[in-house]
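Here is what each chain is made of, one letter per residue.
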Amino acid sequence: MAAVAALPDEVARVALDLPLRANLSALDNIALIPIYQRHFRVGESNQQAQQLLDHLGHADIAPLRDPDMTPAQRFVTKLARALILKRPRLVIDRPGAMLYDVPYPTFIRQLAARAEMTGTWEIFDFSWNQALYKE
Amino acid sequence: MNKLHFKVGLFAVASLLLAGIFTVYLLHARGFFEKTFHLQLAAASADGVAPGVPVVFSGIEIGRVTTLGLNENGGIIIRTEFLGRNAKWLKENSTFTLDKPIVGGAKIRVDSPDLAAPALPDNATMLLLTSDVSKEIPALVERVKAILANVEHLTRKDGDLNTTLANVKTVTGRMTGEYGMLESILGSPEKARAVTESLEKTRALITKLDGLAAKADQWLFAEKGVAEQTRESLAQVRLILNDAQSSLKKADAMMANAVEISANVNEGTQDLAQLRAEIDDAVHKANDLVNEINKKWPFARNPEVKLP
Amino acid sequence: MNFLATSIESLGAKVVGWFTVGYGMFAFLVQASLLLLEPATWNRATFDVVVKQVYFTAVQILHVFLGYALVISWLIISIILSTARDFGLTEFASEMTIRVLVLELLPFLTALFVALRSGSAINTEVALMQVNNELDALAHCKVPPMQFEFLPRLVGGVVSVVTLAGLAGLLALLMGYLAIYGMNAAGFEPYTQTIAKIFDFKIVAGLVVKCALFGLAVTLIPVTAGLETPKKLFMVPVSVLRGMMRVFFAIVAIEVVSLALKYI
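Residues take numbers from 1 onward in each chain, read along the sequence in its written order. Just so you know, chain letters begin at A and ligand numbers begin at 1, following the order they were written in. Local features in this predicted model are restricted to residues whose pLDDT is 70 or higher, and side-chain atom pairs enter the listing and the counts only when it is 80 or higher, whereas totals over whole chains, interfaces and linings include all residues.

Asks: Break down the overall build of chain B for me, citing the residues and quoting the values.
Replies: Looking only at helices and strands, chain B has six helices and seven strands in total. In chain B, the succession of α and β elements from N to C terminus is α-β-β-β-β-β-β-β-α-α-α-α-α. For the purpose of contact definition, each residue receives a C-beta atom placed from its backbone, and two residues are in contact when these atoms lie within 7 Å. Long-range contacts, defined here as pairs at least 24 residues apart, represent 71% of the contacts in chain B between residues at least 6 apart. Secondary structure is summarised from DSSP: a helix means a run of H or I of at least four residues, a strand means a run of E of at least two, and numbering begins at the N terminus for each.

In structure tokens form, the structure reads like this:
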């Protein structure tokens, strides 16, 4: 999977090996990005992050920290963090490794329907899991 | 989160406030807000004075030496600085004395006998006196004399000794004489040189004591069964010698003191150092002698020896 | 002969190792200080993290620390005073107390206190971040870890040690006054004289610089030690152990150098 790790900068990745900052809440993890990349104020960034979580239908996970989340909640936070980067490509790297508590193809599809994003979503998965994505 | 910010803010405000107060206090303490008062001291020699030497009044530091310099006549000018609030202790009749104590650094002592006298103007020039240690030497010598008189008193007890110890008596009689001489010389100790001379006498005394030991030895080894009385008398002689030894040690300590004090005085230091060496020598000899007598005396370890 | 060569080689390896560590720290410090000068660093978020660091390093432990400083100061002052009285050197007692406590002992103990509490925590946290890939994740999101994680810790450490040492020093000055003169204002003048005599500009500046260096040592060294951790969980304790050893040596070295500069 070295090919995925070596993807260029315009790709936002959601992957097992890119964990959340363990001592920050989900909201802070997401809000970091507007603060440090686009120099937003803290309140504004928090607002953006909260909006994003609302959109994804997981507003309740905002105050949770990484160890307190279920795998699905953790995935949503990582996804939100990737979305707020606003990069043209979004790559979900082996979702099965992160989403082992839900039927993940459906779950991702639901999230994708909720998120307002212009770019492309790509899922990298093992070939033997291909059957799962068939409707 | 807000509580956290509040606490940190409180901490920051309190710390900054304390730091500010301390800074203002420090600036006040160092006289930043006050006019400094300058005083020049004229001295014959700047020996021991350096920038930073404190000027003390009643044991409390009120100023410091800032610079040293020479005037046109080759005299020393010591510039000192005082905080404005301390200038009130400097009066026109104040005396400035350079103190060089045995322990601690040099300091300039201010004595203002009359605090009602008019205050010194800024940049005034005063004379710096050097405290005269040589004046203290006679007092010390008086104390040495007292100790030696005590030695003499001890030796005079010989008169009560058993007459069978004719030899010993003669020698101790001579000892008395020597001490007398010593005393008479020390009685008028105008200069340290006189003390040196007196040391010559002390050494003569030590030589006599040596002779005594030799005789006592001879005599003890010749006669095995010394009479009871003789033994007692010999024991007393030993005690006397011990006393003489400790007295000499006291004299030595006094002289050591004298030498230390006078180390700051240029004149006479050499003499006193010599004197010190000679006293050391004399005490050492007396000590050796007494030890030797103790060693050779057959009943030296008898604890029941008593004075009459 | 073989033995000699081996020992020389191992010595050389050690020297190179120390040099690498020292260079790493220095480079990190340069990077951090350059960043400190950039106005972009001083956004609200970094400031918030600094505030948080100051809270955890200084405010949270303030009452414990001041209690501890109180006890230590009281003991040392009592010992110095009674010894000075025994030897008849009472006039030097207040100066001695201030010099020993405020200038040397309290900053040193503060540094040790902060090192034990915050330094070890920082080292563990950075090591765990490194092992868990969290730093890579931050890098992927283009959040600079230096600004976000490390610089606030350095600043917080320096601010905390300087402030804590200062507060402890002020407390010791107060205690010294009370111990020498008791509860009255009579000794204010002579005590002020003594303080004025000791705290000249050089001494105060030296004290602040020393405390700042202590603060830097107890945060910079743990951060760099944490960053050196190989990505294996069992290496975290080793990393903390190494970091704390280095912190201890650095604190002692700073103290020794400051004493040497002051009195030699």
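Asks: Can you explain the interface of chain B and chain C? Please cite residues and give values.
Replies: Contacts between the two partners involve 14 residues from chain B and, on the opposite side, 18 residues from chain C. Among the secondary structure elements, those contributing two or more residues to the side of chain B that touches chain C are α1 (2-29) and β3 (60-70) of chain B. Top element by residues in the side of chain B that touches chain C is α1 of chain B. It accounts for eleven residues. In this classification, the charged set is Asp, Glu, Lys and Arg, the nonpolar set is Ala, Val, Leu, Ile, Met, Phe, Trp, Tyr, Cys and Pro, and all remaining amino acids, among them Gly, are polar. Class assignment of the residues belonging to the side of chain B that touches chain C gives a composition of nine nonpolar, two polar and three charged.

Asks: Tell me about the packing of helix α1 (residues 2-37) of chain C against helix α6 (residues 145-181) of chain C, residues and numbers included.
Replies: Residue and element names in this part refer to chain C. Lines fitted to C-alpha atoms define the axes, with helix axes restricted to the stretch in contact, and inter-axis angles between N-to-C directions lie between 0 and 180 degrees. As a packed pair, α1 and α6 sit with axes 11 Å apart at the nearest point and diverge in direction by 100°. Accordingly, the angle class assigned to the pair α1 and α6 is roughly perpendicular. Contact residues: α1 offers Gln31, Ala32, Leu35 and Leu36, while α6 offers Met146, Gln147, Phe150, Leu151 and Leu154. When its residues are assigned to classes, the contact of α1 with α6 shows seven nonpolar, two polar and no charged. Throughout, the term roughly parallel applies to angles under 35 degrees, roughly antiparallel to angles over 145, roughly perpendicular to angles from 65 to 115, and oblique to all others.

Asks: Tell me about the sheet that holds strand β1 (residues 11-14) of chain A, and name the residues and values.
Replies: Residues and elements named next belong to chain A. Reading across the sheet, the three strands line up as β1-β2-β3 and stay open at both edges, with parallel pairing between neighbours. Looking along the sheet, the strands with just one partner apiece sit at the ends: β1 and β3 (120-124). Going across the sheet, the axis of each strand differs from the next one's by a mean of 20°, ignoring polarity. A pair of strands counts as paired when DSSP detects no fewer than two bridges linking them. Note that strand β2 (residues 89-93) and β3 share five bridges and pair parallel. If you follow Ile92 over to β3, its bridge partner there is Ile123. With respect to the sheet, helix α4 (residues 71-84) is in contact with β1 and β2, its orientation differing from that of β1 by roughly 175°.

Asks: Quick rundown of the interface of chain C and chain A? Include the residues and the values.
Replies: Each side of the interface is counted separately: chain C has 15 residues, and chain A has 16 residues. For the side of chain C that touches chain A, the secondary-structure elements that each account for two or more residues are α2 (44-59) and α5 (134-140) of chain C. Sort the elements by how many residues they give to the side of chain C that touches chain A and α5 of chain C lands first, with four residues. Classifying every residue of the side of chain C that touches chain A gives six nonpolar, four polar and five charged.

Asks: Account for the sheet that holds strand β5 (residues 95-99) of chain B, with residues named and values stated.
Replies: Residue and element names in this part refer to chain B. In space, the seven strands of this closed barrel follow the order β1-β4-β3-β2-β6-β5-β7, with mixed pairing throughout. Taken over all neighbouring pairs, the strand axes of this sheet differ in orientation by 35° on average, direction set aside. Here β3 runs beside strand β4 (residues 76-83); their pairing, made up of seven bridges, is antiparallel. Considered in β4, the bridge of Gly69 is made with Ile77.

Asks: Pulling in residues and values, what's your account of unusual backbone geometry?
Replies: Leaving glycine out, the prevailing phi sign among residues is negative, and the prevailing peptide bond configuration is trans. Despite not being glycine, Arg94 of chain A has its phi angle at roughly 45°, a positive value. With respect to the helices and strands, the residue Arg94 of chain A is situated in the loop between β2 and α5 (95-98). Labels follow a simple rule on C-beta atoms placed from the backbone: if 20 or more others lie within 10 Å of a residue's own, it is buried; if 12 or fewer, it is exposed; otherwise it is partly exposed. The class for Arg94 of chain A is partly exposed, based on 18 C-beta atoms found within 10 Å. Even without being a glycine, Lys142 of chain C presents a positive backbone phi close to 60°. Note that Lys142 of chain C resides in the loop between α5 and α6.

Asks: Could you give an account of the nonpolar core, naming the residues involved and the relevant values?
Replies: The nonpolar side chains of soluble globular proteins are, as a tendency, buried together. We call a set of buried Ala, Val, Leu, Ile, Met, Phe, Trp, Tyr and Cys residues a nonpolar core when their C-beta atoms link them within 7 Å. In this structure, Val161, Ala172, Phe214 and Ala217 of chain C are the most contacted members of the largest nonpolar core, which totals 61 residues. Mapped by element, the contributors of at least two residues to this core are α1 of chain B together with α2, α3 (62-86), α4 (90-131), α6, α8 (201-227) and α9 (235-263) of chain C. Among the elements that take part in this core, α6 of chain C stands out by supplying 17 residues, more than any other. Grouped together as the second largest cluster of nonpolar side chains are 35 residues, Leu18, Phe75 and Ile92 of chain A together with Val143 of chain C included.

Asks: How would you summarise the pairing of β3 of chain B if you had to cite specific residues and measurements?
Replies: Residue and element names in this part refer to chain B. In terms of strand pairing, strand β2 (residues 54-57) meets β3 through four bridges, oriented antiparallel. By the bridge assignment, Val55 is partnered in β3 with Gly63. Where β2 folds back onto β3 in an antiparallel hairpin, the turn is made up of two residues, including Ser58, whose phi is positive at roughly 50°.

Asks: Explain the environment of Gly156 of chain C residue by residue, including any values.
Replies: All names here are of chain C. Relative to the assigned elements, Gly156 resides in helix α6. Gly156 gets classed as buried once you count the C-beta atoms within 10 Å, which come to 26. Separated by 98 residues in sequence, Gly156 and Ala58 have C-alpha atoms that sit 8.6 Å apart.

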